[in-house]
Structures are given as structure tokens and as C-alpha cells.
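Overview (structure and organization)
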Amino acid sequence: MRIAVVGTGYVGLVTGACLAARGHRVTCVDRKTEIVAAINQRQAPLYEPVLPGLLKEVVASGRLTATTSLREAVLGSDVSIAAVGTPLKQGKIDLTFIEETAAEIGAVLREKDGYHLVCIKSTVVPGTTDTLVKDTLKAASGKEPGEFGLAMNPEFLREGRAVEDFLHPDRIVIGADDDRSFARMRKVYAGLFDAPILRVNLRTAEMIKYATNALLATLISFSNEMASLCEAAGGIDALEVLEAVTRDKRFYPPEGREPVKPEITGYLQAGCGFGGSCFPKDVKALISFGREKGHLPRLLPSTLRVNREQPLRLLGRLERELGTLAGRKIAILGLTFKPGTDDVRESPGIAIIRQLLQKGARVCGVDPCGIKNMQKVIPEAGNVHYTRDPQLALEEADAAILVTAWPGFLEIPPEDYARAMRNPLVVDGRRVLDKESLEKAGCRYLGVGLA
Ligand code: NAD
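So, how was this worked out
Residues numbered from 1 in each chain as written. Predicted model: local features only at pLDDT ≥ 70, side-chain atom pairs only at ≥ 80, totals over all residues. Heavy atoms only, no water. Phe/Tyr/Trp six-rings, centres within 6.5 Å; stacked < 30°, edge-to-face > 60°. Buried < 20%, exposed > 50% of the residue type's maximum accessible area, 1.4 Å probe, protein only. Lys NZ or Arg CZ within 6 Å of the ring centre and 35° of its normal. Helix = DSSP H or I, 4+ residues; strand = E, 2+ residues; numbered from the N terminus. Expected span 1.5 Å × (residues − 1). Contact = heavy atoms within 4.5 Å. Polar contact = N/O pair within 3.5 Å; in protein donor to acceptor, adjacent residues only side chain to side chain. Near = heavy atom within 4 Å. Areas by Shrake-Rupley, 256 points an atom, 1.4 Å probe, with all protein chains shown as cover.

Our next topic: the packing of aromatic side chains. All chains considered together, the criterion is met by five aromatic pairs. Residues Tyr-189 and Phe-193 carry aromatic rings whose centres are separated by 5.5 Å and whose planes lie at 70° to one another, so their mutual orientation is edge-to-face. The class of Tyr-189 is buried, set by a relative accessible area of 4%. A ring pair is formed by Phe-274 and Phe-279, whose centres lie 5.9 Å apart and whose planes are at 75°; its orientation type is edge-to-face. The pair formed by Phe-274 and Phe-279 is uniform in burial state, with each residue classed as buried. By way of ring pairs, the aromatic residues Phe-166, Tyr-189 and Phe-193 are connected into one cluster. In this structure, Arg-22 is placed above the aromatic ring of Phe-193, and the distance from its NZ or CZ to the ring centre is 5.3 Å. One Lys or Arg, Arg-180, reaches over the ring of Tyr-115 and ends 3.7 Å from the middle of that ring.

Shown next, in the form of C-alpha cells:
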């Protein structure tokens, strides 16, 4: 099939590259000329493992091209997939990019003969596709639904594992209110991806994405709440508690002789909170959606509150250990919201660095991929520096806080902390470091969920 993907950020680019790898002819559209130029030069404009090789292959084969001309892309395709951003504005989802995209596609459909399917892949609140998108398409195209198709296909990929997730989905949700739209969207995936296709209506497809992210975010906040209770009680290690909780066979079904550890248990771990472009934004959007519809969620605001307080609780413990943070040098291990990405959006590292600076500390942040993006949020200045070299950050530091569990940080020998730091205090914000060997090397260890 010929597919136009509109919006070539994380989701759009991975979608385009993977659909092209499965044999479709894909045109990626973005307003940003630098993104389009990079793709056509076979270079990934963002950091995502596996993507560079895949992109080279599909661009070289001619199965994927990029353009700034939405018109050209839509005229030459059977399906348009919108993967533009849906940010938050004043606590609510901002559908400006979606509305603009629908208007632009609609204007092209006015001059295009034949049936064309418009699919929304962006995360949008329930009711967006069958009202705003449909009405905008109708007005801009002068056509009625049926002359064009409408589908909603939420995306579940995780940054850092996006290509693997896209090529090997666990389920493909297709929202469609009519058979023809469903049939065309099904053709995008059927036979190419080995996963069940779940057909639902447009609104249900939209809600499935929010319910998924709300559940995962709530599991993380639940774990952090348990961790705080363990800290308050003393003498209880949240790591052991949560490990035992997830050993329940309802989480952990034994398969053959060796039990298989389900990935969901990765969300039942104590840490310094969730971040990224989706969980915080989507939970907030869902709360405001609920409020508008007359149901104020009770649980979800608490999920956000626990998450907001989590990094600050960690700093509170650090401050009590050091007496004061003023004038202290603190090494921050990890700037991205999780390993395997260059994305720092809503990273707990941002709240941690801001609070440290406010308290008069000096910060040296280390990250293998996230420095460029973090500099746009908290620019390098007198009291804040960034480096890719953990040794430089640890030099003469009064404490080191592990914020992101990049594999490279797990390999730092405990002796290096003890040797380089003025005061070898290691704060494990992800509970991935070996307390015993750090203490043996002469460090003090402070871990989330352990007091
Ligand atoms: P992004 O901000 O990285 O990319 C969006 C792109 O759309 C940008 O490059 C922008 O220039 C482009 N754009 C905006 N309006 C346009 C228009 N009218 N024409 C052409 N290009 C336009 O966003 P993202 O992280 O890829 O997310 C896209 C959507 O997918 C969001 O709704 C998000 O919530 C959802 N989502 C994201 C992820 C993720 O991990 N990032 C996962 C699942 C779903």
C-alpha cells in the first residue's frame, strides 16, 4: 500500500520506517525541513536504537521518502496516518496539530479522486476522531464519511525499544465505526505483523491508549508509595517487598520449569518517578477529560502527586544526610527519563536539578545521549554542567544520585566513587546499584525504599 505518515517524530518515523520495512511504500511528512532533509539523507533525526540501520535500508530501497509537502504525500497514497504531537496546554490536551492536520488532509481530499483512509495514531482524548477530526475533514474536503474513511490506531511503542515494539506488537487496536475503514486499516497490518487485531469503535480505541498509560503510571506510583511507607517504617526494604509481591502466580505464571518474568513487573519497582512524553501528559489529559465529562477521577490525581513528590523526597533525604545542599557538588547520573533514549521530556532529573540549584548546590549531570536535549531545558551555566564522562562528574562530588539506569552507570566500579568523590555518598534512585560492594569500597549508600 501507499501510506503517508504525517508528523515524523518518534512515533511517525518509527511507524514509517517499520511499515516500509514490511513492504509498504511510505512518504513521511513533517513541517520541519531539517527532519525531512535528515531522513532523505538516510539519517535518523532522533536517537532510537535499531532505527538508523532500518532507515538507511528503507530509504536506500526507495520504499521510504520524506517531504514537507503534505499535499504531494496524500495525493500519492491510499492511507494517511497522523502521528503529530498532542501536547498539554494549561492542563488540557492541545489538539491544534490534529485539527491542522485534518484540515490540510481534507483540503487535499477535495481534489483527490477515490477512497482515502485517514487514520489517527496520535494519542487523543475519546471523542476526538469522531467529532473534531471527522467534522474538520468533512468541512475541508466537502465530502461525507464513506467517501473517505476514518480509523483510530493507538500506538503502544516504548522509546528505546520502539522498532522492536512496532515490528513485534502484542496487539494491534483498530478503531473504526464502519467496515470499509476497518478493512483498509487492517490491510496496513494484516499478514505483516504477527499480533491479534482488536476491532473496536473510534472512541474505545482512543480510551484504550489512555487506560494503558494510566495503569502503567499508577503501578509506578503505587510502588513508590510502598517505598515511602517502607522508608517511614525503617528496617523494610521495598525492593524485597515488591519482588515478593510480584512473585504471586497471578503476575508470574510458571511456564514449564522456569517461571517467566512478565515485563509488567518492571513497573512495580521503587524509583524516582516516571517521566517521558506520554505518562505525565496522558494522565493529566485524562483527568481534565474526565472533569469536562462530569467525572472527576480520584485515583489519577494521586498517581501524579506521588510522582511529583518522589524526586523531592529523595532530595529531602540527601539534604538531611549532608546537613545542607548549599555549595555542595552533586553528580547526577542520568538526564533522560529512562535509558535507551535521548528524550528528557518530564524526566525526574529536571525536577532534581532545579531543586538542587534552588538550594544552592552545584550540579554536574552525566548522560550518554541526553545532554543536547537537557541543555534546552536547563542550559549550562555557572552552577550546572554536563558531561558524558561519569568520572568528571564524580570528581570532588559530595554526593552522586543515580537517576537513570543506563547500563554504563551500573558498570562504574564502586572504588571509583570512593576514589573520586570528596564525600562518597551514593543515592540510588533506581535501586540498581550493589549496596554491599559500594559500602565495602567505603561509600555511604542511600536507596529509594530503604531506610
Ligand atoms: P513528536 O513531537 O516527537 O513529533 C511530532 C512531529 O509532528 C514533529 O516533528 C512536528 O514537526 C510534526 N508536525 C506537527 N504538526 C504537523 C503538521 N501539520 N504537518 C506535518 N508535521 C507536523 O511527537 P511523538 O513523540 O512522535 O508523539 C506523537 C503522538 O504519538 C503524540 O500524540 C503522542 O502522545 C503519541 N505517542 C507517543 C509515544 C512516544 O513514545 N513518543 C508513544 C505512543 C504514542
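Below, the discussion takes up helix α9 (residues 202–233). With 32 residues, α9 should cover 46 Å at 1.5 Å per step; its first-to-last C-alpha distance of 47 Å lies within 8% of that length. The first or second residue beyond α9 is Gly-234, which carries a positive phi of 80°.

Right, let's talk about the environment of Ser-141 for a bit. Within the secondary structure layout, Ser-141 lies in helix α6 (residues 128–141). Sequence separation between Ser-141 and Asp-179 is 38 residues, and the spatial gap between their C-alpha atoms is 21 Å. What Ser-141 contacts, discounting residues up to four positions off in sequence, is Gly-106, Leu-109, Arg-110 and Phe-148. At a separation of 2.6 Å, a polar atom in the side chain of Ser-141 contacts the main-chain carbonyl oxygen of Leu-137.

It is worth spelling out the site of the ligand at this point. Taken together, 28 residues surround the ligand, and among them Val-11, Asp-30, Thr-86, Glu-159 and Lys-281 come closest. Within the side chain of Thr-101, an N or O atom sits 3.4 Å from a nitrogen atom of the ligand. The separation between a nitrogen atom of the ligand and a polar side-chain atom of Glu-159 is 2.8 Å. If the ligand stood free it would expose 830 Å²; the protein chains cover 90% of that surface. Of all the secondary-structure elements, those providing two or more residues to the shell around the ligand are α1 (10–21) and α5 (96–111). If you tally residues by element for the shell around the ligand, the top one is α5, at three residues.

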